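# An overview of the molecular structure
Chain residues, written in single-letter form:
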Amino acid sequence: MMNQVLKTALWILVAVLGASAVGIIAFQRGESISALWFVAAALCVYALAYRFYAAWVAATVLVVDDTRATPAERLNDGRDFVPTHKWVVFGHHFAAIAGPGPLVGPTLAAQFGYLPGTLWLLIGAVLGGCVQDMVILFLSTRRNAKTLGQIARDELGTLCGTAAAIGTFVIMIILIAVLGLVVVNAMKHSAWATFTVSATIPIAVFVGVYMRFLRPGQVLEASFIGVALLLLSVVGGRYVDAGSWRVWFDQEGLTLAWWVMAYGFAAAILPVWLLLAPRDYLSTYMKIGTIILLAVAIIILQPVVKMPAVTTFIDGSGPIFGGKLFPFVFITIACGAISGFHALIASGTTPKLLRNERDIRMIGYGAMLLESFVAVMAMIAATVLDPGVYFAINSAAGVVGAEEVAAVAKISAWGYPVSLAQMQQLAAQMGETTLFARTGGAPSLAVGMASLFGSAFGDGLLALWYHFAIMFEAIFILTTLDAGTRVGRFMLQDMLGNIWPKMGETSWTPSVIICSALVVSGWGYFLYIGVIDPNGGVNILWPLFGIANQMLAAIALCVATGVLVKSGKLKYVFVTGLPLTWLIIITSTAAWQKIASDDVRIGFYAAAQDLSDKLVAGVLPPAKAAVAPQLIFNLQLDAALTLFFIGLLWLIVFAMLRVCFRYLTGQTVLPLTETPYVRSQLEEAG
């Protein structure tokens, strides 16, 4: 009885602290606010959501059964289906879902201020993203670890499944292109950053060879060597930057883009043990370790958030990307709140390793909470910077002017003062020649992280901290880029296999090379147009990526909602139905604005027409006039893709509603494809 009273008192205390922290973040104005309140709000909200809401959904809505054998046990083949300890599966799942989205999205969305993005990260994650991940993981586990597309086809019909498969593939192409753009913008004209990021590739290959041939089974030994080499690459970059080798690594964005494409192609065709597996393994250490280090630095320093709660740019006039607060903050921050990409990992991949259904809550809901916490850390790192510095780093030259003097004057005129001397001093401290117009979010996030690390652990090492942060971000990005390219290759092989069965053989060398080349060509083209865009590419590609990713989440929730209704759980349909409804609203609104808006900074067609008119009138600068025809075509292509995505979403929504209506009115529907109950023979997992 006493223990129960203490537990109740503890959770009441957590609720009060969490409510107080959220209240201070939401309502405090005109006074500085400590970043500690963000950490407290996040941890309290996550703890309450996991302990109560997630537990209720798992036990009451999904009815997880720890006596039921999972596909990993029933279909154990020692290769793909392997019952694995829950913490190993958690680490694998987190490494797979935690790409650059939770780092870049909040950093870009900070142009609206710290409040909108922070609230969306907290509310969106606990009610949307975590629910999607857990429910899709459950559905796939109950269906022999089938993919999202297969579940959609089996439960909602062939048309729906085909549409989901095609949409998923195209969305994957856009996703990888954006990741490539972020890493290119972080490395261009930075010999130190380029060397450090480049060094991670041979290091991963060495670790792969080491674990497979030189010292098989010595995992900890290989891990220590790999992490040590990664840290040495950061130190080595300083000497490369100061020496004669600098010329080899100080490259234009377009040159780096070609190298990123070449890397993606190599990663897709090389054996998985040689590059992908060791990179994923090392990246997990770096991701979790760095986030813990960042949280410690925030607790030690208790830094003040300098960005206003809400900026004037909520009206859509933001310099980083166009569009009003609604719906674009919800599109810009996808990963960290809710991400459709996670549904691809939660179905078909993680279920093959799940030992017991009771671990679904920890892995599905818990890993997404950890990713949301990463996003909150990114928001803090971006907003503790002086706002003028933040906008100087993230605003493209096409927006604020190519000349640094003009850029600082324009940004200061917005009400966010910054000086040329301040930016030059900051660049020197970070070991860079300039930090102006480094769009994409990664450089400004690295500056914020370096400032926190430097203040907490040594100001004299700011340049090292900055390039460590760049490497940390690049590992996030390249891990998803190479894995995404490989997954895209598998998806294309599967689709082409329906036309020519030989192409469906994933190990047939000609199919591997052809499909890898096609996938890289697809995302490489969008990367190319982002790099040549005078506005930095982010304004074109990130909203398209955000819309596509959130539409994929809506597709996943459509499938989940349809299955809940068919399972006779109509009274619980709000669990997936509410986040689904919200996603349909924001994605449809954003898509409509990107297509129909007459604001050239928002509408794809409007921007294309404006550029065309200026080209005809001869008022464009020569450099921009040279690429204008291609930019016009690309804007029109982006508009067509947005139309395709919104049409696809509504097709699947209507398919789901049709199935639900037929079921509720007693008409024939496709039967549930859940596998029959088989009692687990495994011992209780530790």
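As a reminder, the structure under discussion sits directly above these lines.
These notes cover the structure that comes with them.

Reading the values: the criteria
Residues numbered from 1 in each chain as written. Predicted model: local features only at pLDDT ≥ 70, side-chain atom pairs only at ≥ 80, totals over all residues. Heavy atoms only, no water. Axes fitted to C-alpha atoms, helices over the stretch in contact; angles between N-to-C directions. Helix = DSSP H or I, 4+ residues; strand = E, 2+ residues; numbered from the N terminus. Parallel < 35°, antiparallel > 145°, perpendicular 65-115°, else oblique. Left-handed = near helix turned anticlockwise from the far one by under 90°. Contact = heavy atoms within 4.5 Å. Nonpolar A, V, L, I, M, F, W, Y, C, P; charged D, E, K, R; others polar. Patch = residues over 30% accessible without salt bridge, like charges linked within 9 Å, V, L, I, M, F, W, Y side chains within 5 Å. Areas by Shrake-Rupley, 256 points an atom, 1.4 Å probe, with all protein chains shown as cover. Salt bridge = Lys/Arg side-chain N within 4 Å of Asp/Glu carboxyl O. Expected span 1.5 Å × (residues − 1). Bend = angle between axes of the 7 residues up to and from the residue. Buried < 20%, exposed > 50% of the residue type's maximum accessible area, 1.4 Å probe, protein only. Core = buried A, V, L, I, M, F, W, Y, C linked by side-chain atoms within 4.5 Å. Phe/Tyr/Trp six-rings, centres within 6.5 Å; stacked < 30°, edge-to-face > 60°.

Here the focus is the packing of helix α7 (residues 148-156) against helix α8 (residues 158-187). Where α7 meets α8, the closest approach of the two axes is 6 Å, and the angle between their N-to-C directions is 165°. By the angle class used here, α7 and α8 are roughly antiparallel. Seen from above, α7 lies across α8 with right-handed handedness. Of the residues in α8, those touching α7 at G149, A152, R153 and L156 are T158, C160, G161 and A164. The residue makeup of the contact of α7 with α8, split by class, is four nonpolar, three polar and one charged.

So, about a nonpolar patch on the surface. A cluster of nonpolar side chains, namely F206, F213, L214, L229 and L232, defines an oily patch on the protein surface of about 480 Å² accessible area. Elements with a contribution of two residues or more to the nonpolar patch: α9 (191-214) and α10 (219-242). When residues in the nonpolar patch are grouped by element, the largest group, three residues, is from α9. One can find L232 in helix α10.

As a further point, take helix α6 (residues 114-141). Given 3.6 residues to a turn, an α-helix orients residues that are three or four positions apart in the same direction. The terminal C-alpha atoms of α6 lie 38 Å apart, and with 28 residues this matches the ideal 40 Å at 1.5 Å per residue to within 8%. Along α6, the helix axis deviates most sharply at A125, where the bend reaches about 60°. Judged by how many residues are buried, α6 sits mostly within the fold: 25 of 28 residues are covered.

It is worth spelling out the environment of F195 at this point. As for its placement among the helices and strands, F195 is situated in helix α9. Using a relative accessible area of 18% as the deciding quantity, one classes F195 as buried. Once the C-alpha coordinates of F195 and C160 are considered, the two residues, 35 residues apart in sequence, prove to be 46 Å apart. If we skip the residues at most four places from it in the chain, F195 touches S233, G236, G237, V240 and F249.

Side chains of a nonpolar character, in soluble globular proteins, are inclined to be buried together. Y365, M377, I380, L435, W523 and F645 are the most contacted members of the largest nonpolar core, which has 227 residues in total. Not counting residues within four places of it along the chain, the set of residues in contact with M377 comprises V39, I291, L294, A295 and I298.

According to the stated counting rule, one finds 27 aromatic pairs in the structure shown. Judged by centre distance (5.4 Å) and plane angle (75°), the ring pair of F38 and Y114 falls under edge-to-face. Of this pair, F38 sits in helix α2 (residues 36-62) while Y114 sits in helix α6; the two residues are 76 residues apart in sequence, bridging distant segments of the chain. With a relative accessible area of 1%, F38 lands in the buried category.

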